[in-house]
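Letter by letter, the chains look like this.
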Amino acid sequence: RHHTLFGGEASGFQAAAPPSAFDFVAENFGVSHETFASPFNCYLSHYCSAFPDVDAPFGSSGSFFDFEPV
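Analysis parameters
- Residues numbered from 1 in each chain as written.
- Predicted model: local features only at pLDDT ≥ 70, side-chain atom pairs only at ≥ 80, totals over all residues.
- Heavy atoms only, no water.
- Helix = DSSP H or I, 4+ residues; strand = E, 2+ residues; numbered from the N terminus.
- Buried < 20%, exposed > 50% of the residue type's maximum accessible area, 1.4 Å probe, protein only.
- Areas by Shrake-Rupley, 256 points an atom, 1.4 Å probe, with all protein chains shown as cover.
- Phe/Tyr/Trp six-rings, centres within 6.5 Å; stacked < 30°, edge-to-face > 60°.
- Contact = heavy atoms within 4.5 Å.
- Polar contact = N/O pair within 3.5 Å; in protein donor to acceptor, adjacent residues only side chain to side chain.

J.: Just checking my understanding: could you explain the overall build of the protein chain for this structure?
T.: Helices and strands together make up the secondary structure of the protein chain, namely 3 helices and 2 strands. Along the protein chain, from the amino end to the carboxyl end, the secondary structure elements read α-α-β-β-α. Evaluated residue by residue, the protein chain yields a buried proportion of 20% over its 70 residues. Carbon and sulfur atoms form 61% of the exposed surface of the protein chain, whose accessible area is close to 5,100 Å².

J.: Just checking my understanding: could you explain the packing of aromatic side chains for this structure?
T.: Any aromatic ring pair is given by two values, namely how distant the centres are and how the planes are angled relative to each other. For the coordinates displayed, the defined rule picks out 5 aromatic pairs. Arranged with centres 6.0 Å apart and planes meeting at 65 degrees, the rings of F24 and F29 form a pair that is edge-to-face. Taken together, F36, F64 and F65 form an aromatic cluster joined through their ring pairs.

J.: I'm lost on the side chain of S38 in this one. Help?
T.: Within the fold, S38 resides in the loop between β1 (33–37) and β2 (46–49). When near neighbours in sequence (up to four residues on either side) are disregarded, S38 contacts Y47 and S49.

J.: Just checking my understanding: could you explain the environment of S60 for this structure?
T.: Positionally, S60 belongs in the segment after α3 (52–55). In the structure, S60 is positioned 14 residues away from H46 in sequence and 6.6 Å away in space, judged by C-alpha atoms. With residues near it in sequence (within four places) discarded, S60 still touches Y47, C48, S49, P52 and D55.

J.: Help me understand the side chain of E34, please; the structure alone is not making it clear to me.
T.: Checked against the element boundaries, E34 lands in strand β1. Residue class for E34 comes out buried when judged on its relative accessible area of 6%. A polar side-chain atom of E34 sits 2.4 Å from the main-chain amide nitrogen of Y43. Within the structure, E34 has its side chain in polar contact with the backbone nitrogen of L44 (distance 2.6 Å).

Read these as spatial facts, not as claims about activity.
Set out below in structure tokens:
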């Protein structure tokens, strides 16, 4: 799916922050949810993903664009 989403070439598509950045925002600001991730590149246990239909069994909260945090 990622391959077809971007016209065939998805190289360089992943641009995640380093683990130290996730640790910092989690510890200092209570962040516990990633907005754009996948089961293969998430760092936190809760995340939104591009393909929630297949990612939900792995913990995806669905599309970021439909996500309404409390």
